[in-house]
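Residue-level listing of the chains:
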Amino acid sequence: VIRTMPYSLEEMVQIVSIRAETESIQVSEEALAAMGEIGARTSLRYAVQLLTPGNILAQTAGRDTINGTDVEEVDELFKDAKA
(Lines give C-alpha, C1' and ligand atoms only; values in the text may rest on other atoms or scores of the structure.)
Protein backbone atom coordinates (compact mmCIF):
# COMPACT_ATOMS: atom_id res chain seq x y z
CA VAL A 1 0.00 0.00 0.00
CA ILE A 2 1.36 3.39 -0.99
CA ARG A 3 0.15 6.44 0.93
CA THR A 4 -0.39 9.61 -1.02
CA MET A 5 -1.03 13.09 0.27
CA PRO A 6 -3.60 15.46 -1.24
CA TYR A 7 -2.27 18.30 -3.38
CA SER A 8 -1.84 21.71 -1.76
CA LEU A 9 -3.55 24.77 -3.23
CA GLU A 10 -0.25 25.98 -4.70
CA GLU A 11 0.37 22.59 -6.34
CA MET A 12 -3.12 22.59 -7.86
CA VAL A 13 -2.57 26.07 -9.32
CA GLN A 14 0.76 24.93 -10.76
CA ILE A 15 -0.79 21.79 -12.30
CA VAL A 16 -3.66 23.78 -13.87
CA SER A 17 -1.12 26.29 -15.20
CA ILE A 18 0.99 23.54 -16.79
CA ARG A 19 -2.11 21.96 -18.33
CA ALA A 20 -3.25 25.31 -19.75
CA GLU A 21 0.20 25.89 -21.23
CA THR A 22 0.17 22.41 -22.76
CA GLU A 23 -3.20 23.12 -24.38
CA SER A 24 -2.11 26.63 -25.48
CA ILE A 25 -4.80 28.29 -23.36
CA GLN A 26 -4.09 31.73 -21.87
CA VAL A 27 -5.23 32.01 -18.24
CA SER A 28 -4.97 35.05 -15.95
CA GLU A 29 -3.47 34.75 -12.47
CA GLU A 30 -6.92 35.49 -11.03
CA ALA A 31 -8.43 32.60 -12.98
CA LEU A 32 -5.63 30.24 -11.95
CA ALA A 33 -6.22 31.12 -8.29
CA ALA A 34 -9.97 30.54 -8.72
CA MET A 35 -9.37 27.15 -10.37
CA GLY A 36 -7.00 26.20 -7.55
CA GLU A 37 -9.67 27.02 -4.97
CA ILE A 38 -12.26 25.08 -6.96
CA GLY A 39 -9.87 22.13 -7.18
CA ALA A 40 -9.37 22.20 -3.41
CA ARG A 41 -13.15 22.28 -2.89
CA THR A 42 -13.99 19.61 -5.46
CA SER A 43 -11.24 17.79 -7.33
CA LEU A 44 -8.21 18.60 -9.44
CA ARG A 45 -9.78 16.76 -12.37
CA TYR A 46 -12.85 19.02 -12.24
CA ALA A 47 -10.71 22.17 -12.05
CA VAL A 48 -8.64 21.11 -15.07
CA GLN A 49 -11.79 20.26 -17.01
CA LEU A 50 -12.97 23.87 -16.59
CA LEU A 51 -10.19 25.05 -18.92
CA THR A 52 -11.95 24.15 -22.18
CA PRO A 53 -15.38 25.68 -21.46
CA GLY A 54 -13.65 28.67 -19.84
CA ASN A 55 -11.62 29.18 -23.00
CA ILE A 56 -14.74 28.95 -25.17
CA LEU A 57 -16.49 31.50 -22.95
CA ALA A 58 -13.53 33.90 -23.15
CA GLN A 59 -13.30 33.55 -26.93
CA THR A 60 -17.05 34.14 -27.26
CA ALA A 61 -16.55 37.39 -25.34
CA GLY A 62 -13.75 38.36 -27.74
CA ARG A 63 -10.85 37.69 -25.36
CA ASP A 64 -7.83 35.42 -25.65
CA THR A 65 -7.37 34.98 -21.90
CA ILE A 66 -9.62 33.25 -19.36
CA ASN A 67 -10.34 35.56 -16.42
CA GLY A 68 -11.82 34.96 -12.96
CA THR A 69 -15.35 35.83 -14.10
CA ASP A 70 -15.18 33.15 -16.80
CA VAL A 71 -14.14 30.56 -14.22
CA GLU A 72 -16.98 31.54 -11.87
CA GLU A 73 -19.54 31.40 -14.68
CA VAL A 74 -18.35 28.01 -15.93
CA ASP A 75 -18.27 26.65 -12.37
CA GLU A 76 -21.94 27.66 -12.00
CA LEU A 77 -22.84 25.86 -15.24
CA PHE A 78 -21.14 22.59 -14.35
CA LYS A 79 -21.18 20.63 -11.10
CA ASP A 80 -18.68 18.13 -9.79
CA ALA A 81 -20.22 14.87 -8.58
CA LYS A 82 -18.07 14.91 -5.43
CA ALA A 83 -19.00 18.44 -4.36
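The structure we're discussing is the one just above.
As the structure is a computational prediction, the values presented were derived from the model and not from experiment.

Cut-offs and rules
- Residues numbered from 1 in each chain as written.
- Predicted model: local features only at pLDDT ≥ 70, side-chain atom pairs only at ≥ 80, totals over all residues.
- Heavy atoms only, no water.
- Salt bridge = Lys/Arg side-chain N within 4 Å of Asp/Glu carboxyl O.
- Buried < 20%, exposed > 50% of the residue type's maximum accessible area, 1.4 Å probe, protein only.
- Helix = DSSP H or I, 4+ residues; strand = E, 2+ residues; numbered from the N terminus.
- Expected span 1.5 Å × (residues − 1).
- Contact = heavy atoms within 4.5 Å.
- Core = buried A, V, L, I, M, F, W, Y, C linked by side-chain atoms within 4.5 Å.

Caption draft 1: How the structure looks around the pattern of salt bridges. Throughout the structure, instances matching the rule amount to three salt bridges. Put simply, Glu23 and Arg19 hold a salt bridge, and the shortest N to O gap is 2.6 Å. On the accessibility criterion, Glu23 (31% relative accessible area) is partly exposed. The shortest N-O distance in the salt bridge between Arg41 and Asp75 comes to 2.9 Å. Of this pair, Arg41 sits in helix α2 (residues 29-41) while Asp75 is found in helix α5 (residues 68-77), placing the two residues 34 residues apart along the sequence. Residue classification places Arg41 among the exposed residues on the basis of a relative accessible area of 52%.

Caption draft 2: Seen up close, helix α1 (residues 9-22). Between its first and last C-alpha, α1 extends 20 Å over 14 residues, near the 20 Å set by a 1.5 Å rise per residue. Buried positions along α1 lie against β1 (26-27), α2, α3 (44-49) and α4 (51-60). Taken from the residues just after α1, Ser24 is the one with a positive phi, measuring 55 degrees.

Caption draft 3: Just the nonpolar core, in detail. Grouped together as the largest cluster of nonpolar side chains are 20 residues, with contacts concentrated most on Val16, Ile25, Val27, Met35, Leu51, Ile66 and Val71. Elements that contribute at least two residues to this core include exactly α1, α2, α3, α4 and α5. Counting residues per element, this core draws most heavily on α2, at five residues.

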